[in-house]
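Chains, contacts and geometry: an overview
The lines below spell out each chain.
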Amino acid sequence: MNLDDMYRDTILDHNQNPRNRGHLERPNKTVGMLNPTCGDQIELELLVADDKVVDIRFAGQGCSISMASASMMTEAVKGKTVEEALALARDFKGFLTGTKAVQELGDLEALQGVSQFPSRVKCATLAHNALEKALTHDVKG
Ligand code: FES
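Residues numbered from 1 in each chain as written. Predicted model: local features only at pLDDT ≥ 70, side-chain atom pairs only at ≥ 80, totals over all residues. Heavy atoms only, no water.

1. Considerations on the packing of helix α2 (residues 64-77) against helix α4 (residues 118-136)
Two numbers describe how α2 lies on α4: the axes approach to 8 Å, and their chain directions differ by 35 degrees. Relative to α4, the crossing made by α2 is right-handed. Touching I65, S66, S69, A70, M73 and V77 of α2 are R120, C123, A124, L126, A127, H128 and L131, all from α4. Residues that form the contact of α2 with α4 fall into these classes: nine nonpolar, three polar and one charged. (Axes fitted to C-alpha atoms, helices over the stretch in contact; angles between N-to-C directions. Helix = DSSP H or I, 4+ residues; strand = E, 2+ residues; numbered from the N terminus. Left-handed = near helix turned anticlockwise from the far one by under 90°. Contact = heavy atoms within 4.5 Å. Nonpolar A, V, L, I, M, F, W, Y, C, P; charged D, E, K, R; others polar.)

This is the structure we're talking about:
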């Protein structure tokens with residue numbers, strides 16, 4: 001299996017078995033984010049305590065790239081500190097726009113091919129933009 005096939009399988013797996021899709025019983029941060037180019041949207045619910053992302057869920061409608069990316073992102077940030085989660089969002093966006101080398105992004109690295117298609121970068125970063133908004137604005141659950 002070559003790298004492209006492996007990446008495709010990873011994206012497919014997150015689409016077919018999305019991680020952390022649904023709702024939290026008691027989120028304390030909730031945000032919605034729209035991709036203006038297509039109208040797709042995502043909602044994120046987080047439980048943040050002691051400066052950590054204790055739990056996270058996503059819901060919404062979008063293309064397979066946006067939903068796979070949301071699934072990967074929630075898996076990657078759960079249990080991380082707020083600072084680490086924000087760093088991950090920044091690194092991932094830098095990775096897709098070519099301003100940062102790949103580093104420790106886990107399954108998110110499977111979205112590397114998206115960087116060649118600027119309109120799809122918006123799909124792949126939708127959940128990460130929502131995460132940044134949730135963690136940097138005073139949004140309530
Ligand atoms: Fe709408 Fe990808 S086409 S998020």
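2. Comments concerning the environment of D107
Along the chain, the position of D107 falls in the loop between α3 (82-96) and α4. D107 sits 31 residues away from D138 along the chain, and the two C-alpha atoms are 29 Å apart. With sequence-adjacent residues up to four places away left out, D107 is seen in contact with T10, H14, M72 and E75.

3. Structural notes on the pairing of strand β3 (residues 52-61)
Inspection of the sheet shows strand β2 (residues 41-49) paired to β3 by nine bridges, in the antiparallel sense. Considered in β3, the bridge of I42 is made with G60. (Pairing = 2+ DSSP bridges.)

4. Examining the sheet that holds β3
Strands belonging to one sheet form pairs held by backbone hydrogen bonds; the direction of such a pair is parallel or antiparallel. Reading across from one edge, β1-β2-β3 is the order of the three strands in this open sheet, with antiparallel pairing throughout. Since the sheet does not close on itself, it has two edges, and those belong to β1 (29-34) and β3, each with one partner. Neighbour-to-neighbour, the strand axes of this sheet turn through a mean angle of 20 degrees, independent of strand direction. Taken strand by strand, α2 contacts β2 and β3, and its axis lies near 170 degrees from that of β3. Against the sheet, α4 engages β1, β2 and β3, with an angle of about 40 degrees to β2.

5. A closer look at the confidence of the model for the protein
Per-residue pLDDT for the protein averages 92, and the proportion of residues at 70 or more is 97%. The element-level mean pLDDT for the protein is lowest in helix α1 (residues 3-16), coming to 89, with β2 highest at 98. (pLDDT = per-residue confidence, 0-100.)

6. Focus on the packing of α3 against α4
To describe two helices that pack against each other, one gives the angle between their axes and the distance between the axes. Two numbers describe how α3 lies on α4: the axes approach to 10 Å, and their chain directions differ by 155 degrees. Comparing the axis directions of α3 and α4 gives the class roughly antiparallel. At the point where α3 passes α4, the crossing takes the left-handed sense. The segment α3 lies against α4, with V82, A85, L86, L88, A89, R90, F92, K93 and L96 engaging V121, A124, T125, H128, N129, L131, E132, L135 and T136. In terms of residue class, the contact of α3 with α4 is made up of eleven nonpolar, four polar and three charged. (Parallel < 35°, antiparallel > 145°, perpendicular 65-115°, else oblique.)

7. A closer look at the pattern of salt bridges
Between side chains of opposite charge, a pair can form when the charged atoms approach closely. Counting across every chain of the model gives six salt bridges. Residue R57 pairs with D55 through a salt bridge whose shortest N-O separation is 2.9 Å. Here K78 and D55 are joined by a salt bridge, their closest N and O atoms 3.3 Å apart. One end of the pair, K78, is in the loop between α2 and α3; the other, D55, is in strand β3, and 23 residues separate them in sequence. Taking relative accessible area as the criterion, K78 reaches 36% and is therefore assigned partly exposed. (Salt bridge = Lys/Arg side-chain N within 4 Å of Asp/Glu carboxyl O. Buried < 20%, exposed > 50% of the residue type's maximum accessible area, 1.4 Å probe, protein only.)

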